[in-house]
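Chain by chain, the residues run as shown.
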Amino acid sequence: MTGIVFLFGLLLGILGTWLWNTAKERSIKLAWVDYLLIAIFVLMAGGGIWFVNTFTEESVASAARSSGLIFGLLALLVLGVTWQLIRRRNHKSGI
Amino acid sequence: MDEKINRRDFVKGAGLASAATVATLMATASTVSAEELVNPGGKAMDEMGNASIKRDLPESFYKRIENKAGYIGTTRVVAPTQRLDAREHGFSQIVRRGSTGDWSGEPGDWGPILLAAVQEKKKHAAEISPLEAADYTWSNAFQIAMDRWHITLEPGRYQQAPIAATKVELSPEEMTARIKKICRWFGCEQVGICEVTEDMKPFFYSVGRTRGTYTTGHANYVDNGREIPWPYPYKYCIVMADKCDTDTLNALTGPLVEASAKIACSQSDFAPHYLESIIRSLGHDAKANIFSDTDIMDTPFAVKAGLGELGRSGLVISPWGAQMRIMEVFTNLPLVPDKPIDFGLQEFCKVCKKCADNCPASAISMDDEPSEVDTVVKSIRWFQDGKKCLAQRLAYGCSKCQGVCPWSKPDTLIHEVGRMVGQNPAFAPFLVKLDDFFYNRYPEGHATGEWAPWR
């Protein structure tokens, strides 16, 4: 589990840094709600990995699948909503 | 080159080729590679010394309750009845009936019930595949291995350590702490102290057994019994519990469960004798209460020692679940008794019913509320038909009520959250739904082919 948490943190760090730099380069503005949604996405993705890992260790494949599906879909949904919100807001402001 | 192959050579060649193919296939099927031979893999069981749970229950999991008259932990005792003769217990009946071939009795008595179970087992054995039959051959070997412990340790055969002339004197608090730490050190994951008081009298057998549990039967079986005195000569009962191997007990039925339970049952002879010798070597009297030489029904002692509560299934359910192997040592060592615990199990069992739903023998009550049940005491609990249960286990091997219990989960953070949620009666139905969703209401057991070390 420790290894997975480390890898998740590493990927999150790389992805976060890249997104932050990209947003700055393109002058994309983020509102507080975007930060909140991104935090929820991170929680969902992290929770998904945590649940899948726990159930895999218990050899309960159906529970691992279900939790992966639920957390994965929720994370994707939140990511999609966040993406659209940022895109529309910045599109309106002409950026 | 225009050599013609005549019919005779063709048939001969085809025959030789077929024989070679069959021989290769057989050799492949019955041998292992050189690498597998040296290191075949496999894993250690989560049995004694292989800790699978935290050594101390986090206090957020339970509350300690005072011992009060008319209660053993959270279970209300209405009235005591007659103390039971241990020779009437199901395990003893299996040995006696199997040894003597006496299956007599009224319908509903042990004789006809056990005979039906034995016949069911034979019928089942005739119907299963050769591979499954081989699994039972292996699990039967584990049973014989367990039996050897149980007959070697039958009353009067074990050579107790002498009580040392010089006593190690410590305050009860200090002695309790050291004894508990020692028990955990040699592999028991939970330890509690129960004081032997008058209210525990009904849970002592009036007569104990004198023959060890030899499942396949003793020649010339006679058990004259041994009187168990009251007042009992020991003041405290040290109750130890160890979580059994979840992976293999989660096979839920069949030979893998059988083998796993037999290992746990054998190992539970070790810790009590070990602790008995330690205490006697410190100059204090002690007596191991082992499977073949037991004076008590251990569930109430485990409850009173604070290891868990009595659940719907009739098992001690600890916050770590129902897969606990319970072991005891009686002693006069100065100790501090523990208080029973309450982690909301009584309310949880009312809404869960998963053990009852999954019981293949329908031996567990489906009632919403517990009611007055007359066993060795009249108490307010859910009825569990011990005869149906034992017959099922004898015929097929079963650990379903232990395995499907939502509390029987590994010690991981997710389940710690679940444990804290589940002890609140308001959230208990939610936790049951969640457990049903992730683990299924009727879970399938772990496959023998995947988990049995002999496959």
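Residues numbered from 1 in each chain as written. Chains lettered and ligands numbered in written order. Predicted model: local features only at pLDDT ≥ 70, side-chain atom pairs only at ≥ 80, totals over all residues. Heavy atoms only, no water.

- Per an unreviewed UniProt entry, chain B carries the name Reductive dehalogenase-like protein KB1rdhA26 and comes from Dehalococcoides mccartyi.
- Recorded under Subcellular location (unreviewed entry), the UniProt text for chain B is reproduced unchanged: "Cell membrane".
- In UniProt, chain B has this text filed under Cofactor (unreviewed entry): "corrinoid". (UniProt positions renumbered as here; feature names shortened; annotations may be inferred.)

### What about the overall build of chain B?
Thinking step 1. Within chain B, the secondary structure is distributed over 17 helices and 14 strands.
Thinking step 2. Taking the principal axes of its C-alpha atoms as reference, chain B extends roughly 100 × 55 × 50 Å.
Thinking step 3. Here chain B holds 455 residues, and the buried ones make up 50% of them.
Thinking step 4. Once local pairs closer than 6 in sequence are excluded, the contacts in chain B between residues at least 24 apart make up 79%. (Helix = DSSP H or I, 4+ residues; strand = E, 2+ residues; numbered from the N terminus. Buried < 20%, exposed > 50% of the residue type's maximum accessible area, 1.4 Å probe, protein only. Contact = heavy atoms within 4.5 Å.)

### Some words on the interface of chain B and chain A
Thinking step 1. Contacts between the two partners involve twelve residues from chain B, matched on the other side by twelve residues from chain A.
Thinking step 2. The junction of chain B with chain A conceals about 1000 Å² of combined surface from both sides, 72% of it contributed by carbon and sulfur atoms.
Thinking step 3. For the chain B face of the interface with chain A, the top three residues by lost area are Ile-414, Phe-438 and Tyr-439 of chain B, together amounting to 55%.
Thinking step 4. Where chain B touches chain A, the interface holds zero salt bridges.
Thinking step 5. Our count for the contact surface shared by chain B and chain A stands at two residue pairs in polar contact (both at pLDDT 80 or more).
Thinking step 6. Only α15 (413-422) and α16 (428-439) of chain B provide two or more residues apiece to the side of chain B that touches chain A. (Buried area = accessible area lost by both parts, 1.4 Å probe. Salt bridge = Lys/Arg side-chain N within 4 Å of Asp/Glu carboxyl O. Polar contact = N/O pair within 3.5 Å; in protein donor to acceptor, adjacent residues only side chain to side chain.)

### Some points on the sheet that holds strand β13 (residues 371-374) of chain B
Residues and elements named next belong to chain B.
Thinking step 1. What the four strands build is an open sheet, ordered β2-β3-β14-β13; its pairing is antiparallel. The two strands at the open ends of the sheet, each matched to only one other strand, are β2 (71-72) and β13.
Thinking step 2. Summarising the sheet, strand β3 (residues 75-80) and strand β14 (residues 377-381) pair through four bridges and their orientation is antiparallel. Its bridge partner lying in β14, Ala-79 is registered against Lys-378. (Pairing = 2+ DSSP bridges.)

### Quick look at the sheet that holds strand β4 (residues 190-195) of chain B
All names here are of chain B.
Thinking step 1. Sheet architecture is open: four strands sit in the order β4-β7-β11-β8, paired in antiparallel fashion. The two strands at the open ends of the sheet, each matched to only one other strand, are β4 and β8 (286-289). For this sheet the average axis-to-axis angle between neighbouring strands, irrespective of direction, equals 25°.
Thinking step 2. With six bridges joining them, β4 and strand β7 (residues 236-243) adopt antiparallel strand pairing. Bridging from a neighbouring strand, Val-191 pairs with Met-240 of β7. (Axes fitted to C-alpha atoms, helices over the stretch in contact; angles between N-to-C directions.)

### Thoughts on the pairing of β3 of chain B
All names here are of chain B.
Thinking step 1. Relative to β3, β2 is paired through two bridges, and the arrangement is antiparallel. Bridged to Tyr-71 within β3 is Arg-76.
Thinking step 2. The loop that links β2 with its antiparallel partner β3 comprises two residues; one of these, Gly-73, has a positive phi angle of about 65°.

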